Amino acid sequence: MQLDPASLTPEATYRLLSGLVVPRPIAWISTLSPTGVVNLAPFSCFTFVSNKPPMLGVNIGRKAGRRKDTGAHIHHRGEFVVHIGDSSQLEAIHESSAEHPEDVSEAALLGLATVASDTIAVPRLAAAPVAMECRLSQVIPFGETGAEFVVGEITRFHLREGLMKDGKVETLALDPVCRIGGPNYATLGRIVTLRGMAQTAKSVLGSGQA
Ligand SMILES: Cc1cc2nc3c(=O)[nH]c(=O)nc-3n(C[C@H](O)[C@H](O)[C@H](O)COP(=O)(O)O)c2cc1C
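Residues numbered from 1 in each chain as written. Predicted model: local features only at pLDDT ≥ 70, side-chain atom pairs only at ≥ 80, totals over all residues.

S.K.: So what about the site of the ligand? Which residues, and what values?
M.R.: Lining the immediate surroundings of the ligand are 17 residues, of which Ala41, Cys45, Gly61, Asp69 and Thr70 lie closest. Looking at the shell around the ligand, the elements with two or more residues in it are strand S3 (38–43), strand S5 (54–60) and helix H2 (69–77). A total of four residues in the shell around the ligand trace back to one element, the largest contributor, which is S3. In terms of residue class, the shell around the ligand is made up of six nonpolar, seven polar and four charged. (Near = placed C-beta within 6 Å. Helix = DSSP H or I, 4+ residues; strand = E, 2+ residues; numbered from the N terminus. Nonpolar A, V, L, I, M, F, W, Y, C, P; charged D, E, K, R; others polar.)

S.K.: Residues and numbers for the environment of proline 101, please.
M.R.: As for its position among the elements, proline 101 is in the loop between helix H3 (90–95) and helix H4 (106–109). Residue classification places proline 101 among the exposed residues on the basis of 7 C-beta atoms within 10 Å. (Buried ≥ 20, exposed ≤ 12 C-beta atoms within 10 Å, placed from the backbone.)

S.K.: Describe the sheet that holds strand S1 (residues 24–25), listing the residues and the values that go with them.
M.R.: Across the sheet, three strands lie side by side as S1-S15-S16; this open sheet has antiparallel pairing. Since the sheet does not close on itself, it has two edges, and those belong to S1 and strand S16 (185–187), each with one partner. Where strand S15 (residues 177–179) lies against S16, three bridges are found, and the strand directions are antiparallel. Note that in S16 the partner of cysteine 178 across the bridge is alanine 186. (Pairing = 2+ DSSP bridges.)

S.K.: Now, about unusual backbone geometry: what can you tell me, with residues and values included?
M.R.: At the junction of valine 22 and proline 23, the peptide bond is cis and its omega measures out at -10° in the coordinates. Relative to the helices and strands, proline 23 resides in the loop between helix H1 (10–20) and S1. One non-glycine residue, alanine 64, adopts positive backbone phi at about 50°. You can see alanine 64 is positioned in the loop between strand S6 (62–63) and strand S7 (66–67). A positive phi is found at aspartate 175, a non-glycine position, where the angle reads about 55°. In this fold, aspartate 175 is placed in the loop between helix H5 (171–174) and S15. Residue aspartate 175 is classed as partly exposed on the basis of its 16 C-beta neighbours within 10 Å.

S.K.: Before we move on, could you go through the sheet that holds strand S2 (residues 27–32) and cite the residues and values that matter?
M.R.: Spatial ordering of the open sheet is given by S3-S2-S8-S11-S12-S5-S4, a layout of seven strands whose pairing is antiparallel. The open sheet has two free edges, formed respectively by S3 and strand S4 (46–51), since each of these has just one partner strand. Here the average twist between neighbouring strands, direction ignored, is 35°. Pairing of strand S8 (residues 79–84) with strand S11 (residues 130–142) involves six bridges; the strand directions are antiparallel. Opposite histidine 83, over in S11, you have alanine 131 as the bridge partner. In this fold H2 packs onto S2, S3, S5, S8, S11 and strand S12 (147–159), with an angle of close to 55° to the strand it touches most, S2. (Axes fitted to C-alpha atoms, helices over the stretch in contact; angles between N-to-C directions. Contact = placed C-beta atoms within 7 Å.)

Structural measurements only, silent on function.
As structure tokens, then:
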């Protein structure tokens, strides 16, 4: 089967890409409205883009041409928190994507407690196993729908006790969830371990981190 992108609507292309680019990790993002309401929503067009300094990127679309609350708040304050939720939080992650007016806090609505962050004004979720405080670095618009790739520099990592062992994240203990197409999710399946491959040091200074 062949498909010509030029013949596809933005909606059909979204369905296609979100079915093909799988599984996607989920950035569960809190932001603060101009009046101080904590907004929460999931975003699965998500990756990291730099390790020194550590930077995350997430693609935020629009609703009827208008910025989503998350995008608008990030533009306004230049701060956000990216959480990684675990499988016990899957329903809350999903429910936090429901559309609410800006003065309604999805975190409060879902009974999710927040705590103050260390480096930014935006609070983080108390129960998430991972929270990464971010300061806005760049906003890069793409395409014809007004989508923006938002890049933030991580200013603090918070990891639940027991998640790191010998400097590495215990993936099974993290128990992350991912998005497939539509309202479909997956948890970790079989983990396959192959031989380690020698890699040239990432830093030109030869700091040698693997
Ligand atoms: C698991 C999941 C992943 C999502 N990923 C994205 C995404 O990457 N980009 C996006 O613009 N919307 C994404 N959405 C939709 C937003 O979460 C949704 O539009 C939400 O209402 C935005 O909330 P806000 O207006 O409070 O920012 C996703 C929804 C779900 C359930």
